[in-house]
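Report on the structure
What follows is each chain in one-letter form.
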Amino acid sequence: MTERTPVREDVLREDLAAIRRRGYAQSSAERQPGSASVAAPVLDHRGRPAGVISVCGPLERFRDEARECAEALLEATDRLSALMGHTSRGRG
């Protein structure tokens, strides 16, 4: 994708572990140069992903706002997941 896209298995495994802990994924110019994003799943009543919501923007502006966007994103995906019958996100 780009020179910043992680491709080594050990790096990908570390990224996946961090995503599970946080409850969301974060990307900085990994898919497209100059862009950044955060994304989190909407879970169904069995805890399986039913969809995903992402927030993206220019890397230069997004860098300082990524944490705030992630918090708002998790609030939204938690509410939507609850509407689908999911009871616990299990982040930690």
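Structure's up top.
Residues numbered from 1 in each chain as written. Predicted model: local features only at pLDDT ≥ 70, side-chain atom pairs only at ≥ 80, totals over all residues. Heavy atoms only, no water.

**Some points on the state of the cysteines**
Under the definition given, this model contains 0 disulfides. Cys56 carries a free sulfur, and the closest cysteine sulfur to it, the one in Cys69, is 9.8 Å from it. (Disulfide = S-S within 2.5 Å.)

**Considering the side chain of Thr2**
For Thr2, the position within the fold is in the segment before helix H1 (9-22). Polar side-chain contacts of Thr2 include one of 2.7 Å to the backbone oxygen of Ala29. Of note is the side chain of Thr2, whose polar atom sits 3.3 Å from the backbone oxygen of Glu30. Setting aside residues up to four positions removed in sequence, Thr2 forms contacts with Ala29, Glu30, Arg31, Gln32 and Pro33. (Helix = DSSP H or I, 4+ residues; strand = E, 2+ residues; numbered from the N terminus. Polar contact = N/O pair within 3.5 Å; in protein donor to acceptor, adjacent residues only side chain to side chain. Contact = heavy atoms within 4.5 Å.)

**A word on the sheet that holds strand E3 (residues 49-58)**
The strands that make up a sheet are held in pairs by hydrogen bonds between backbone atoms, and each pair lies either parallel or antiparallel. Strand order in the open sheet made by the 3 strands is E1-E2-E3, with antiparallel pairing throughout. In this open sheet, the two edge strands, each paired with only one partner strand, are strand E1 (25-28) and E3. Neighbour-to-neighbour, the strand axes of the sheet open up by a mean angle of 15°, direction not taken into account. Here E1 runs beside strand E2 (residues 35-43); their pairing, made up of 4 bridges, is antiparallel. By the bridge assignment for E2, Ala25 is matched with Ala39. Along the sheet, helix H3 (residues 66-83) contacts E1, E2 and E3; its crossing angle with E2, the most-contacted strand, is approximately 20°. (Pairing = 2+ DSSP bridges. Axes fitted to C-alpha atoms, helices over the stretch in contact; angles between N-to-C directions.)

**With respect to the environment of Leu43**
Structurally, the position occupied by Leu43 is in strand E2. With 41 residues separating them in the primary sequence, Leu43 and Thr2 have C-alpha atoms 30 Å apart.

**Looking at H1**
Spanning 14 residues, H1 covers 20 Å between terminal C-alpha atoms, matching the ideal 20 Å at 1.5 Å per step. Phi turns positive one or two residues past the end of H1, at Gly23, with a value near 95°. (Expected span 1.5 Å × (residues − 1).)

**Section: the pattern of salt bridges**
Opposite charge on two side chains permits them to pair, given that their charged atoms come into close proximity. As enumerated under the stated definition, the model contains 4 salt bridges in all. Of the charged contacts, one joins Arg8 and Asp10 as a salt bridge, the two residues approaching to 2.6 Å between their closest N and O atoms. Among the ionic pairs, Glu71 bridges to Arg67, the shortest N-O distance being 3.5 Å. Of this pair, Glu71 and Arg67 are both found in helix H3, 4 residues apart, which corresponds to roughly one turn of the helix. A relative accessible area of 41% places Glu71 in the partly exposed class. (Salt bridge = Lys/Arg side-chain N within 4 Å of Asp/Glu carboxyl O. Buried < 20%, exposed > 50% of the residue type's maximum accessible area, 1.4 Å probe, protein only.)

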